[in-house]
Amino acid sequence: MSIKDKDKKEDIKVNDSVGDEDVTILAIESSCDETAAAVVRNGREVLSNIISSQIALHTVYGGVVPEIASRKHVEKMNGCIRAALSEAELTLDDIDAVAVTYGPGLVGALLVGVSEAKAISFATGKPLIGVHHIEGHISANFIENKELKPPFMCLVVSGGHSHLVVVKDYGEYEIVGQTRDDAAGEAFDKVARAIGLGYPGGPKIDAAAKKGNPDAFTFPQAKIADAEYDFSFSGLKSAVLNYINQAKMQGQELDANDVAASFQKAVVEVLVGHAIRACKEYKINSLAIAGGVASNTALRELMEKECKANNISFYKPSPVLCTDNAAMIGAAAYYEYKKGKRFGLDLNAVPNLPLGDRERRYHAGR
């Protein structure tokens, strides 16, 4: 039931009573093409955050190749963990628990991290905590915003996800909006490829848009009648691709910067508009963003402007914490640990792991 229902407002509680003893967690992330390990204390203090990126490796293919990503995780995982422990000046004996992303993501990539975490847990006797990838992105906001506490609204936008989530409490979420087709980051990648910018699309569109005219073209912004906070970027992507194809057929010169700026404006206005309206309807005065697309400068600027105009507190992680990293996994795992949640050595990768029941209806089996 929605938190906007008056009868349920008393169920939304802030739970920061997590005890006095320090909890230090070794966290592992390998859901896509970053091999990452971090040591996080008490959910908000990052002692180390090591990321081995594969962007250069996959750029030649125009996107992530799952098999190559998995093999590179195998090569890099132990080194990242050793570096994380070394930077934190700790050993495995000093760790209270081992956390790992177990979904959603690329199944082969996830399995590398899950297998590593289970091996460490078995060898050391330390508790094992599985973490949902999107929950990790949301929890990245806790690291640099010590004052942030639930309830708050969070817009999660990345290559595979576009979610508008009410964070009712630590580890308790209500999805109020999500993508019906392409995620925002996926649309960025496809448009970037079409206008010749290459991979990864998000940063390249962002850079090109700074040199273009956002009002050069008016691209469509989809609205879904029966779910006002859901997103749909497939039509927008198709409109951009159609324009590009028509321009080429007619021999017109294509201004990639103008296309990028106009496309980005359409995406950003939808994301910001949905988030601000949801905050008003659900009477939530704190809004956070998360995920790879959350590092987009136009999104951050417009969201900050609209939040200020509507008296909404705005929170955003640094760009390094927007991309896939293990520090965010350690932050999310801390609150699960304090709740007493533990996973057995039968933990497996779940590539389509849903964040909630509503997500399951749209995405199960995809």
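This write-up is about the structure you can find in this document. The model shown is predicted, which means the values in this text are computed figures rather than measured ones.

1. Comments concerning the environment of S115
Here is step 1 of the chain: Of note, S115 is situated in helix α3 (residues 107-124).
Here is step 2 of the chain: Separated by 232 residues in the primary sequence, S115 and L347 have C-alpha atoms spaced 8.8 Å apart.

2. A closer look at the side chain of H137
Here is step 1 of the chain: Along the chain, H137 falls in helix α4 (residues 133-144).
Here is step 2 of the chain: Given a relative accessible area of 1%, H137 falls into the buried group.
Here is step 3 of the chain: At 3.2 Å, the side chain of H137 forms a polar contact with the side chain of D324.

3. Let's talk about the side chain of D258
Here is step 1 of the chain: Turning to its location among the elements, D258 is positioned in helix α8 (residues 256-281).
Here is step 2 of the chain: Here D258 sits buried without a salt bridge, and the closest side chain of opposite charge, K211, lies 11 Å off (N-O distance).
Here is step 3 of the chain: Leaving out residues up to four positions away in the same chain, D258 has contacts with G212, N213, A216 and F217.

4. Topic: the pattern of salt bridges
Here is step 1 of the chain: Counted according to the given criterion, the structure contains 13 salt bridges.
Here is step 2 of the chain: With a closest N to O distance of 2.4 Å, K265 and D215 form a salt bridge. Taken together, the residues span a long stretch of sequence, with K265 in helix α8 and D215 in the loop between α6 (201-209) and α7 (234-249) at a distance of 50 residues.
Here is step 3 of the chain: A residue is classified by how much of its surface remains accessible, and K265, at 31% relative accessible area, is partly exposed.
Here is step 4 of the chain: Within the structure, one salt-bridge network assembled from shared partners comprises D182, E186, K190 and K237.

5. Notes on the sheet that holds strand β7 (residues 162-169)
Here is step 1 of the chain: What the five strands build is an open sheet, ordered β8-β7-β6-β9-β10; its pairing is mixed. Two strands in the sheet have a free side with no partner beyond their single neighbour: β8 (172-178) and β10 (313-315). Adjacent strand axes in the sheet meet at a mean angle of 25° when their direction is disregarded.
Here is step 2 of the chain: Where β7 meets β8, six bridges bridge the pair, whose relative direction is antiparallel. When the sheet's bridge partners are listed, V165 is paired in β8 with I175.

6. Let's talk about the sheet that holds strand β3 (residues 45-53)
Here is step 1 of the chain: With respect to topology, five strands assemble into an open sheet ordered β3-β2-β1-β4-β5, the strand pairing being mixed. One side of each edge strand has no neighbouring strand; the edge strands of this open sheet are β3 and β5 (128-132). Across the sheet, the mean angle separating the axes of adjacent strands is 20° when strand polarity is ignored.
Here is step 2 of the chain: Summarising the sheet, strand β2 (residues 34-41) and β3 pair through eight bridges and their orientation is antiparallel. In the strand pairing of β3, R41 is matched with E45.
Here is step 3 of the chain: Sheet strands touched by helix α2 (residues 66-88): β1 (24-29), β2 and β3. Its angle to β2, the strand with the most contacts, is close to 25°.
Here is step 4 of the chain: Contacts between α4 and the sheet are confined to β1, β3, β4 (97-103) and β5, with β5 contributing the most and set at about 95° to the helix.

7. Looking at the state of the cysteines
Here is step 1 of the chain: In this structure the tally under the stated criterion is zero disulfides.
Here is step 2 of the chain: For the unlinked cysteine C80, the closest cysteine sulfur is that of C32, found at 15 Å.
Here is step 3 of the chain: The cysteine C154 is free of any disulfide, with C322 supplying the nearest cysteine sulfur at 9.9 Å.

8. Focus on the pairing of strand β9 (residues 286-290)
Here is step 1 of the chain: Burial analysis of β9 places five of its five residues in the buried class, which makes it a mostly covered element.
Here is step 2 of the chain: Residues S286, A288 and A290 of β9 are buried on one face, and the alternating residues L287 and I289, pointing to the opposite face, are buried as well.
Here is step 3 of the chain: Pairing geometry for strand β6 (residues 152-157) and β9, over four bridges, is parallel. Following the sheet pairing, C154 is matched in β9 by A288.
Here is step 4 of the chain: Taken together, the three bridges between β9 and β10 define a ladder with parallel strand orientation. When the bridges of β10 are listed, L287 appears paired with F314.
Here is step 5 of the chain: A crossover links β9 with its parallel partner β10, the connecting element being helix α9 (residues 297-309), and its sense is right-handed.

Conventions used here
- Residues numbered from 1 in each chain as written.
- Predicted model: local features only at pLDDT ≥ 70, side-chain atom pairs only at ≥ 80, totals over all residues.
- Heavy atoms only, no water.
- Helix = DSSP H or I, 4+ residues; strand = E, 2+ residues; numbered from the N terminus.
- Buried < 20%, exposed > 50% of the residue type's maximum accessible area, 1.4 Å probe, protein only.
- Polar contact = N/O pair within 3.5 Å; in protein donor to acceptor, adjacent residues only side chain to side chain.
- Lys, Arg positive; Asp, Glu negative; His and termini not counted.
- Salt bridge = Lys/Arg side-chain N within 4 Å of Asp/Glu carboxyl O.
- Contact = heavy atoms within 4.5 Å.
- Pairing = 2+ DSSP bridges.
- Axes fitted to C-alpha atoms, helices over the stretch in contact; angles between N-to-C directions.
- Disulfide = S-S within 2.5 Å.
- Right-handed = clockwise from strand over helix to strand, strands pointing away.

Note that every value here comes from positions in space, so none of it alone points to a role or purpose.
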